[in-house]
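# Architecture at a glance
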Amino acid sequence: MRNTMNLTFAPMHPVIGAECKGVDIGEPISPEIADAIHDGMDRYAVLVFRRGTPLTTEQQIRFTKSLGETEGLYTKIQAEKGVRLDNPLLSDISNLDPSDKLLPPDDRKRLFNLGNRLWHSDSSYKKIPAKYSALCAHVIPPRGGETEFADMRAAWDMLGADMKEQIKDLVAEHSRIFSKGTLGFQFTEQELIDFEPVRQPLVRTHPRTGRHSLYLSSHAGRIVGMPQVEALMLLRELTEHATQREFVFRHQWRAGDLVMWDNQATMHRARPYEDLKYPRDMRRTTLTAGAPALGYASAL
Ligand code: OGA
Ligand code: MN
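Below, the structure is looked at part by part. (Residues numbered from 1 in each chain as written. Chains lettered and ligands numbered in written order. Predicted model: local features only at pLDDT ≥ 70, side-chain atom pairs only at ≥ 80, totals over all residues. Heavy atoms only, no water.)

This part covers the overall build of the protein. Looking only at helices and strands, the protein features eight helices and 15 strands. Its C-alpha radius of gyration of 19 Å places the protein within 12% of the 19 Å reference for a compact globule of 300 residues. C-alpha extents for the protein along the principal axes are approximately 55 × 45 × 30 Å. Across the 300 residues of the protein, 53% fall into the buried class. (Helix = DSSP H or I, 4+ residues; strand = E, 2+ residues; numbered from the N terminus. Rg over C-alpha atoms; globule rule 2.2 N^0.38 Å. Buried < 20%, exposed > 50% of the residue type's maximum accessible area, 1.4 Å probe, protein only.)

Within the structure, ligand 1 sits among Ile 93, Asn 116, His 120, Asp 122, Leu 135, Thr 147, Trp 261, His 268, Ala 270, Arg 280 and Arg 284. At 3.1 Å, a side-chain N or O of His 120 approaches an oxygen atom of ligand 1. One nitrogen or oxygen atom from the side chain of His 268 is found 3.0 Å from an oxygen atom belonging to ligand 1. Burial of ligand 1 by the protein amounts to 99% of the accessible area it has alone, namely 290 Å². Counting atoms within 2 Å of the grid points, the majority share of ligand 1 lands in the largest cavity. Partitioning the shell around ligand 1 into residue classes produces four nonpolar, four polar and three charged. (Near = heavy atom within 4 Å. Polar contact = N/O pair within 3.5 Å; in protein donor to acceptor, adjacent residues only side chain to side chain. Areas by Shrake-Rupley, 256 points an atom, 1.4 Å probe, with all protein chains shown as cover. 1 Å grid on protein atoms, 1.4 Å probe; cavity = no way out; pocket = protein on both sides within 12 Å on 5 of 7 lines; lining within 4 Å. Sits in = over half its atoms within 2 Å of the grid points. Nonpolar A, V, L, I, M, F, W, Y, C, P; charged D, E, K, R; others polar.)

Before going further, it helps to examine the sheet that holds strand β13 (residues 257-262). Judged by pairing direction, the sheet is mixed, and its seven strands sit side by side in the order β1-β2-β3-β13-β5-β15-β4 without closing on themselves. Among the strands making up the open sheet, the edge pair consists of β1 (8-11) and β4 (91-94). For this sheet, the mean angle separating the axes of adjacent strands, direction not counted, is 25 degrees. Here β1 pairs with strand β2 (residues 18-21) via four bridges, running antiparallel. Across the sheet, residue Phe 9 finds its bridge partner in β2, namely Cys 20. The sheet strands contacting helix α1 (residues 31-44) are β1, β2, β3 (46-50), β5 (130-139) and β13, and the helix crosses β3 at an angle near 125 degrees. Here helix α2 (residues 57-65) sits on the sheet and contacts β3, β5, β13 and β15 (281-288); the angle it forms with β15, its principal contact strand, is near 25 degrees. (Pairing = 2+ DSSP bridges. Axes fitted to C-alpha atoms, helices over the stretch in contact; angles between N-to-C directions. Contact = heavy atoms within 4.5 Å.)

Our next topic: the coordination of the manganese ion (ligand 2). Protein-derived coordination of the manganese ion (ligand 2) comes from His 120 (NE2), Asp 122 (OD) and His 268 (NE2), at a distance range of 2.1 to 2.2 Å. Mapping the donors of the manganese ion (ligand 2) onto the primary sequence gives the spacing H-x1-D-x145-H. Here Asp 122 is found in the loop between α3 (108-113) and β5, whereas its partner His 268 is found in strand β14 (residues 266-270), with 146 residues between them in sequence. Judged by its relative accessible area of 5%, His 268 is buried. (Donors = N, O, S within 2.8 Å, 3.2 Å for Na, K, Ca; no water.)

Turning next to the state of the cysteines. In total, this model carries zero disulfides according to the counting rule given. The closest cysteine sulfur to the non-disulfide-bonded Cys 20 is located on Cys 136, 15 Å from its own sulfur. The exposure class assigned to Cys 20 is buried, which follows from its relative accessible area of 4%. (Disulfide = S-S within 2.5 Å.)

Here we come to α1. Here α1 is 14 residues long and its end C-alpha atoms lie 20 Å apart, about the 20 Å a rise of 1.5 Å per residue gives. Residues of α1 that are buried: Ile 33, Ala 34, Ala 36, Ile 37, His 38, Gly 40, Met 41, Asp 42 and Tyr 44. Ala 45 occupies a position one or two residues after α1 and carries a positive phi of about 70 degrees. (Expected span 1.5 Å × (residues − 1).)

This part takes up the nonpolar core. Core analysis: the biggest nonpolar cluster contains 25 residues, and Ile 167, Leu 202, Leu 214, Leu 216 and Ile 223 have the highest contact counts within it. Going through the elements one at a time, α4 (152-157), β11 (220-223) and α8 (228-242) are the ones with two or more residues in this core. Sorting elements by how many residues they give to this core places α8 first, with five residues. If we ignore the near neighbours within four places in the chain, the residues touching Leu 216 are Ser 121, Met 152, Leu 202, Leu 235, Leu 238, Thr 239, Ala 242 and Met 267. Cys 20, Leu 47, Phe 63 and Cys 136 belong to the second-largest nonpolar core, a separate cluster that totals 23 residues. (Core = buried A, V, L, I, M, F, W, Y, C linked by side-chain atoms within 4.5 Å.)

Structure below.
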């Protein structure tokens, strides 16, 4: 199918998430279609593209690059057995080893990836965090393994005026040491150096829409200038508020789906499934926000 401009959005939830129809993201898209997709992302924050067939590596990278600049490569946890996917721009969001076998219970990559079940925003532990993430489903388990998305704009809007005032200028510190650390994951000395915390505003302003949102993530583990116990309490309180059912859209995967979310306006988490029994093969490409989020904080 050659792409023409007949793209539509069908909302999947009252505040967040829509299915984008009328475009084949496996084919090149014009700048006009890219603009329409950005507008859809601004409005719904999560877009679902249902194709039935997973994108090839080249198709997923082409589609992602037509919407912006891809993120620099990750400092991965020490890979024990090499990498599974053929291109470093793809993040391997699977429970498989390089020969496509299920990871055993105590595998480091498995334990590290379990952290995706905590609410987070991708790359919030980087000074320049992620803009969009695009996750393509190749193999899905028979049950479980959904992905949930929370609307952090609605979460900000629905906070009381006193709380807004109290937190609007706060700065949090984010690191994978905090997120995986709360689960008891053990880091090597080199990882403790590589994963040095970075600062992010607790409330951010979207560079395109100007809307404010709570910038929370499991990676957040300190608040600058606040006693640690109080900081963790506040982060918990806000996370509970932000992930109430009415702000959350749950995506039930079909093989071939691509779901793209704006990390500048949402958090997400994976839901459990029987990962020692069934493969779940998902591949992610990621766009960079291009500038530190802190630069946008003072607009409040
Ligand atoms: C991710 C992620 C959740 C999932 O790809 O960044 O957190 O459901 N995925 O796999
Ligand atoms: Mn993620």
